[in-house]
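Secondary and tertiary structure notes
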Amino acid sequence: MAERFDVVVAGAGLAGASAAAAAAEQGAAVLLLEKNPTPGGSTVLSSGLNAYAGTDEQAAAGVSDGVELLRKDLLEVGGHRNDVTLVDAYCREQLATYRWLRGHGVTFGPPLPGSGQSVPRSHPADTAAMVEALLRAARARGAEVRYRWAVRRLETGGGRVTGLVAADRDGTEHRIA
């Protein structure tokens, strides 16, 4: 018999931890599976720079920035071959994302200049601490996190994902729906 969850997330990097925290905040029964013994994924290998416009750190540093300038910079650095819909979505949601992360205890350093940016907007953060903060938030709302569990395959039916099969740390496969 399959275990049942509203949302199953594969991977405990920044994207997975964010998805688990956001779903748990909405009242979903969440399971996060991570194949490694610790969280972080490729996120913890990154530079930890996050491009946001209109932040508290920018204001404290006297940097004048906003969505219009961010959009202009992104389009220019992309040679105007960008998917404008994605650029606009990023620009529309980036400040809310920044605030949501800060609301979960993520701290950012002073903004740094970055490639293709006309003003300092690369906000450094400790990536491991970011992931841990979001996992704490997810767990606090009832999400379950399992390490050394690898998703083996998705199950589909009627044109949608209906469940998955994951192997635990001993290699035993489990069906989760």
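Structural data are supplied above this passage.
Residues numbered from 1 in each chain as written. Predicted model: local features only at pLDDT ≥ 70, side-chain atom pairs only at ≥ 80, totals over all residues. Heavy atoms only, no water.

1. Description of the nonpolar core
Here is the rule we go by: Joining through side-chain atoms within 4.5 Å is the link that ties buried Ala, Val, Leu, Ile, Met, Phe, Trp, Tyr and Cys residues into a set, and such a set is a nonpolar core. Per-residue accessibility, obtained with a 1.4 Å probe over protein chains only, is compared with the maximum for each type, and a residue is labelled buried under 20%, exposed over 50%, and partly exposed between these values. The helix and strand labels rest on DSSP assignments: H or I over at least four residues marks a helix, E over at least two residues marks a strand, and numbering proceeds from the N terminus.
Of all hydrophobic cores here, the largest spans 28 residues; its most connected members are V30, L32, L101, F108, M130 and L135. Taken together, the elements giving at least two residues each to this core come down to α1 (14-25), β2 (30-34), α4 (84-103), α5 (127-140) and β5 (144-147). Counting residues in each nonpolar core, the second largest holds seven residues, with F5, L33, L164 and I176 among its members.

2. Here we look at the packing of aromatic side chains
Applied cut-off: Working definition: a ring pair exists when centres of Phe, Tyr or Trp rings (six-membered ring for Trp) sit within 6.5 Å. Plane angles under 30 degrees give stacked, over 60 give edge-to-face, the rest tilted.
Overall, the coordinates contain three aromatic pairs when judged by the stated rule. Their ring planes at 55° and their centres at 5.6 Å tell us that Y52 and Y98 sit as a pair that is tilted. With a gap of 46 residues between them, Y52 in the loop between β3 (49-51) and α2 (56-60) and Y98 in helix α4 connect regions that are remote in the sequence. Pair check on accessibility: Y52 and Y98 agree, each one buried. Taken together through their ring pairs, the aromatic side chains of Y52, Y98 and F108 make up a single cluster.

3. As for the sheet that holds β5
As a reminder, the rule being used: Strand pairing follows a simple DSSP-based rule, namely that at least 2 bridges must link the two strands. With axes taken as lines fitted to C-alpha atoms, and helix axes fitted only over the stretch in contact, angles between N-to-C directions fall between 0 and 180 degrees. Whether two residues touch is decided by their heavy atoms; if any such pair falls within 4.5 Å, the residues are in contact.
Here we have three strands laid out as an open sheet, ordered β1-β2-β5, and parallel in their pairing. The sheet is open, and its two edges are formed by β1 (7-10) and β5, each paired on a single side. Each strand of the sheet is rotated relative to its neighbour by a mean of 15°, with strand direction disregarded. Note: β2 against β5, four bridges, orientation parallel. When the bridges of β5 are listed, L32 appears paired with V145. Lying on the sheet, α1 is in contact with β1 and β2; it crosses β2 at an angle near 170°.

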